[in-house]
Amino acid sequence: MPIDFRKELDSGEAWLKGASDMLRVAERVVEAAGYRREVGWRLVEQTLAAAGECAVDPEADLGIGSVRFPEARLVGAGRRTAQRALASRAAAGMVRLGYGGRRAYWERMHEELEVIAHHGFASYFLTVAQIVDDVRGLGIRVAARGSGAGSLVNHLVGIAHADPVEHGLLMERFLSRERVVLPDIDIDVESARRLEVYRAIIGRFGVERVATVAMPETYRVRHAVRDVGAALSMDPAEIDRVAKSFPHIRARDARAALEELPELRRLAAEKGRYGRLWELVEALDALPRGVAMHPCGVLLSDASLLARTPVVPTSGEGLPMSQFDKDDVEDLGLLKLDVLGVRMQSAMAHAVAEVERASGERVDLEALPEGDEETYRLIRSTETLGCFQIESPGQRDLVGRLQPDSFEDLVVDISLFRPGPVAADMVRPFIEARHGRAPVRFPHRDLEPPLKGTYGVVVFHEQIIDIVSIMTGCGRGEADAVRRLLSDAEQQARIRVWFRQRAGEKGYSAEVIERTWEIVQAFGSYGFCKAHAVAFAVPTYQSAWLKAHHPAAFYAGLLTHDPGMYPKRLLLADARRRGVPVLPLDVNVSAVAHRIELVSGKWGVRLGLSDVHGISGAEGERIVAGQPYASLRDFWERGRPGRPLAQRLAQVGALDAFGGNRRDLQLHLAELQRGVRGGYGEQLPLGGGNRTASVGLPDLSSAERLSAELGVLSMDVSRHLMDDQREFLAELGVVSARRLREARHGETVLVAGAKAATQTPPIRSGKRVIFSTLDDGTGLVDLAFFDDSHDACAHTVFHSWLLLVRGVVQRRGPRSLSVVGSAAWNLAELVELRAEGGLDRVAARLAESVEPAGEDRAGGRRIRMATGYDMHPWADLRPAGEGVAQGPAAARKLWHQSPGSAG
């Protein structure tokens, strides 16, 4: 509609400062062009109209302040409203799950539906339920995660697995009338098929309603060193050495790390030679380095999404990606669903598929028997390597002390293994009360129902909600709002006054009120969401059940999808210890992925081609498609491997079936390569039919075979890499991991092994502790190096893969075992000393005085070197996720120099 400029002029509503100048300019323009002055008025009208078209209304145009869900017709509502469709689906779930005769379930379902209707979130629940249905329809494992598991409606419509009523979960921790923000319903899917899930979501709702979320990648110290070093024309090898020396910390902390960390002492001594490197590295801190697709965020909307966010295709997958990051989309009110790819889900799916493929048995992990004794016996043994959530050193220590025998125990274990519960000292009193070493006490008998299951110790957010609700008489929704405010120190004083007043009005004594407030104040902001723990405990139990009942398939899944914190060679060692046969690579039998085979009546693991260094997906598939091969030439012609790949396969025994030793095979491969170039003119004879003829070369020695396995597969397949050093370690008096179980608390021991993981988390005391795990072939040894040993040990621990450590045994229960290290040596160097000068040289090296502990750096700048935390036996907090494992190059060198080796 055209603007009546004169009317706007008269009213003064359209005029801003400078309007008269604009008119004068317009008049001069039209006069210079030979037009009448009235034309200038029309130019100004048109300019204002264009400006009006460019105006953006944050609410109407960008959707800020309101969430827009996909249309109800797309999620199964048909002509019904979304609320009616959700109610119908929930009622059907009541019948399907066998809750039809339970009045309490019906009442809770209606209460939750009323809350959902109050907020207008029915379409949200239907959308997530539809996505979960679609994912399951593709045969992909999917599970709910987070506080959404506390909703009965989520359970009834198939989003969440666990029954929230049975486990005492609260809807109010997830959603209530008092909580107006859209709650998160997060789902976990198989990581190997995550992009397939994304495409299914796009296929269901269309590109006009779906986009992934952008994730800015910012500079941390290693990337900053690499980019600045390249800009300064440093030697690439030098750049790599310097970058890898640093832990994963902020770029701004580079120089502080050089000053504080003992393991960087040698690099710090060279600091001056790098000029402006450190200044420029720190200047890059947190600056954008690139943009990638967020690992789990998916935007969902009605058909107006593209009008509210700019979208570009991702570089690799071609998926639509919003240019807003996760914080932007939340501020804009866009619906973000977290669809997280979890490698353990892929590993379990692979294990189940292998069981069915090989034996015909169908395993339904969603219908496992509860309370399986064999599963809990495995968990209590602490032999939980590879099991979801309970494989880290700290968790193995905790399950050893806790001794779980029920699903609820797993829920508690997962909840206690968090920064908050550890910082609030929840673990010790719970363990003491559980095993009867401390009395179970409640602040008041009214609080026994919410606290009885955890022996009077507050563990869960839900317990705080119940305590506040019971003591003050407020609803659970208001109680959850109070719980959320407890983390704000400024709000605590106000809440304390309110709590005392309301509890006093209900007749509680001042002593009870004060004692209860201390509990609420201490634990309210630190407890763990029980719904989240229940959701995690489901795959924990499932993975432990698989390890107990189908160990070979379990290891095949782990080796294929690598879900844990330890290197694959550790999983292989664990499989051997548990009696699972490990079958080598064979181009006639091996698949791309790891599989199971029956060997002398026992299921074993056949290694897969995917772990061969440098193999492409196409090469692996081509080799498998051509199986079986009659001869080496047949394999060469039909499998068509590149010569480097074929040589690597020969080195690790994958071509042994064709006859000849491994050096012979490599020579034949060279001749086949020359034959391709020269039309098969001259080549070595194949002798004996399809068997490869011997050419008289000596076979690889045992040490060379082990070295090849470590180099090509990063795994010691034929035997454990520590086996050749048993005699030497026995001479030193080293205690094996198996014998360490019998060691006394406080006993000084020598332990040795290949380093599996090393971490340096921030802990409650503020001091730095180095945690490391060694594998010696008989088991794992968990180590802790406190700050008074860092000057003597840190550099060796971080820069050596094979370690000899002296330390003191620490026990906190029959299954709780660790070693507090006081000295560490590079085992590879000791082996060289033994070869050169015998045990006397080694003894002299071990007897050398260690460097005195450095001065206390507590006053210096503290560097936080981890994001995310777990608990550890000797510390309050331990970083979650994958450990830092160093490669086997040192071992390959060591085993060429080992005493008595043929190399």
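What you are looking at is a predicted structure, and each value in this text was computed from that prediction instead of being measured.

Enquirer: In this structure, what is going on with unusual backbone geometry? I would like to understand it.
Expert: If a residue is not glycine, its phi is most likely negative; likewise, a peptide bond is most likely trans. Going from Q627 to P628, the amide bond is cis rather than trans, its omega being -5 degrees. Residue position: P628 is located in the loop between α29 (617–625) and α30 (632–639). Even without a glycine there, the phi angle at S233 is positive, about 60 degrees. Considering the arrangement of structural elements, one finds S233 in the loop between α9 (221–231) and α10 (236–245). The phi torsion at Q403 lies on the positive side, around 55 degrees, for a residue other than glycine. Inspection of the secondary structure puts Q403 in the loop between α17 (393–402) and α18 (407–416). For Q403, a relative accessible area of 24% corresponds to the partly exposed category.

Enquirer: Explain a nonpolar patch on the surface to me, please; I cannot follow it from the model alone.
Expert: Taken together, V25, V29 and L43 make up a surface patch of nonpolar side chains, about 240 Å² in accessible area. Tracing the backbone through its elements, the reader meets L43 in helix α3 (residues 37–54). By relative accessible area, which is 34% here, L43 ends up partly exposed.

Enquirer: I would appreciate a short explanation of the sheet that holds strand β13 (residues 780–785) in the present structure.
Expert: The strands making up a sheet associate through backbone hydrogen bonding, with each pair oriented either parallel or antiparallel. On the basis of which strands lie adjacent, the closed barrel formed by five strands has the order β11-β12-β13-β15-β14 and mixed pairing. Each neighbouring strand pair of the sheet contributes to a mean axis angle of 55 degrees, computed without reference to strand direction. As judged from the 10 bridges shared by strand β14 (residues 802–813) and strand β15 (residues 816–826), these two strands associate in the antiparallel manner. The residue bridging G813 from the neighbouring strand is S816, located in β15. Sheet contacts for helix α36 (residues 790–799): β11 (748–759), β12 (770–775), β13, β14 and β15; angle to β15, the most-contacted strand, approximately 90 degrees. Contacting β11, β14 and β15, helix α37 (residues 827–847) crosses the sheet at an angle of about 85 degrees to β15.

Enquirer: Which parts of the structure should I look at to understand the pairing of strand β10 (residues 602–606)?
Expert: Successive side chains on a regular strand alternate, one facing one side of the sheet and the next facing the other. Sheet topology note: the strand β8 (residues 582–583)/β10 ladder contains two bridges and is parallel. Bridge pairing links L583 to R606 in β10. Relative to β10, strand β9 (residues 595–599) is paired through five bridges, and the arrangement is antiparallel. By the bridge assignment, V599 is partnered in β10 with K602. Linking β9 back to β10 in an antiparallel pair, the connection comprises two residues, with S600 at a positive phi of about 50 degrees.

Enquirer: Any chance you could explain the pattern of salt bridges here in plain terms?
Expert: Side chains carrying opposite charge are able to pair once their charged atoms draw close together. Applying the stated criterion to the full structure yields 60 salt bridges. Taking the shortest distance from any N to any O, the salt bridge between E747 and R744 comes out at 3.9 Å. Exposure remark for R744: the relative accessible area of 58% places this residue in the exposed category. Beyond isolated ion pairs, a larger network of salt bridges with shared partners links K547, R569, D574, R577, D716 and D775.

Enquirer: Can you walk me through empty space enclosed by the protein in this structure?
Expert: Gaps left between atoms show up when a probe the size of a water molecule is rolled over them. A complete count under the given rule lists four cavities of 30 Å³ or more for this structure. Looking at the largest cavity, its volume works out to about 110 Å³. Around the largest cavity, the lining is made up of 15 residues, and of these A143, A144, H161, A535 and V538 lie nearest the centre. Of all the secondary structure elements, the ones that give two or more residues to the lining of the largest cavity are β1 (142–145) and α26 (530–549). The leading source of residues in the lining of the largest cavity is α26, at four residues. Of the residues assigned to the lining of the largest cavity, the class counts are nine nonpolar, three polar and three charged.

Enquirer: Please explain the packing of aromatic side chains as it appears in this structure.
Expert: Aromatic ring pairs: the centre-centre distance and the angle between the two ring planes describe each pair. Applying the stated criterion to the full structure yields 14 aromatic pairs. By the ring-pair criterion, three or more aromatic residues cluster together here, those being F69, F121, Y124, F125 and F174.

Enquirer: Looking at this structure, how should I read the sheet that holds strand β2 (residues 186–190)?
Expert: Pairing within the open sheet is mixed, and its seven strands lie in the order β1-β2-β7-β4-β3-β6-β5. The sheet is open, and its two borders are formed by β1 and β5 (311–313), each paired with just one other strand. This sheet shows a mean twist of 45 degrees between the axes of neighbouring strands, independent of strand direction. In this structure, strand β3 (residues 210–218) lies alongside strand β6 (residues 320–325), joined through two bridges in parallel fashion. Along β6, the bridge assignment pairs T212 with M321. Strand contacts of helix α6 (residues 122–137): β1, β2, β4 (288–300) and β7 (335–342), with the helix running at about 10 degrees to β2, the strand carrying the most contacts.

Enquirer: Please clarify how α37 should be interpreted in this entry.
Expert: An α-helical turn contains 3.6 residues, so a residue and the one three or four places further along point in the same direction. Taking 1.5 Å of rise per residue, the 21 residues of α37 would be expected to cover 30 Å, yet its terminal C-alpha atoms sit only 15 Å apart, more than 12% below that figure. Of all the bends in α37, the largest measures some 135 degrees and sits at G837. Along α37, the residues that are buried comprise L827, A828, L830, V831, L833, R834, V842 and L846. The opening residue of α37 is N826, an N-cap whose side-chain oxygen sits 2.9 Å from the backbone nitrogen of A828.

Enquirer: Got a minute to help me understand the environment of V132 in this structure?
Expert: Relative to the assigned elements, V132 resides in helix α6. Along the sequence, V132 and V142 sit 10 residues apart, while their C-alpha atoms lie 6.9 Å from each other. Discounting chain neighbours no more than four positions away, the residues touching V132 are V142, G158, I159 and I187.

Enquirer: Would you mind showing me how to read the packing of helix α4 (residues 82–96) against α6 here?
Expert: If you want to describe how two helices pack, look at the angle between their axes and the distance between the axes. α6 packs onto α4 with a crossing angle of 50 degrees between their chain directions and a minimal axis gap of 8 Å. Relative to α6, the element α4 is oriented oblique. The handedness of the crossing between α4 and α6 is left-handed. Judged by residue contacts, A82, Q83, A85, L86 and R89 of α4 engage A122, S123, F125, L126, A129, Q130 and D133 from α6. Across the contact of α4 with α6, the residue classes tally to seven nonpolar, three polar and two charged.

Enquirer: Please explain the nonpolar core as it appears in this structure.
Expert: Within soluble globular proteins, side chains that are nonpolar generally end up buried alongside one another. L649, L655 and L713 are the most contacted members of the largest nonpolar core, which totals 120 residues. At 12 residues, the largest contribution of residues to this core is made by α26.

Parameters at a glance
Residues numbered from 1 in each chain as written. Predicted model: local features only at pLDDT ≥ 70, side-chain atom pairs only at ≥ 80, totals over all residues. Heavy atoms only, no water. Helix = DSSP H or I, 4+ residues; strand = E, 2+ residues; numbered from the N terminus. Buried < 20%, exposed > 50% of the residue type's maximum accessible area, 1.4 Å probe, protein only. Patch = residues over 30% accessible without salt bridge, like charges linked within 9 Å, V, L, I, M, F, W, Y side chains within 5 Å. Areas by Shrake-Rupley, 256 points an atom, 1.4 Å probe, with all protein chains shown as cover. Salt bridge = Lys/Arg side-chain N within 4 Å of Asp/Glu carboxyl O. Pairing = 2+ DSSP bridges. Axes fitted to C-alpha atoms, helices over the stretch in contact; angles between N-to-C directions. Contact = heavy atoms within 4.5 Å. 1 Å grid on protein atoms, 1.4 Å probe; cavity = no way out; pocket = protein on both sides within 12 Å on 5 of 7 lines; lining within 4 Å. Points joined across faces, edges and corners; volume = space filled by probe spheres on them. Nonpolar A, V, L, I, M, F, W, Y, C, P; charged D, E, K, R; others polar. Phe/Tyr/Trp six-rings, centres within 6.5 Å; stacked < 30°, edge-to-face > 60°. Expected span 1.5 Å × (residues − 1). Bend = angle between axes of the 7 residues up to and from the residue. Polar contact = N/O pair within 3.5 Å; in protein donor to acceptor, adjacent residues only side chain to side chain. Parallel < 35°, antiparallel > 145°, perpendicular 65-115°, else oblique. Left-handed = near helix turned anticlockwise from the far one by under 90°. Core = buried A, V, L, I, M, F, W, Y, C linked by side-chain atoms within 4.5 Å.

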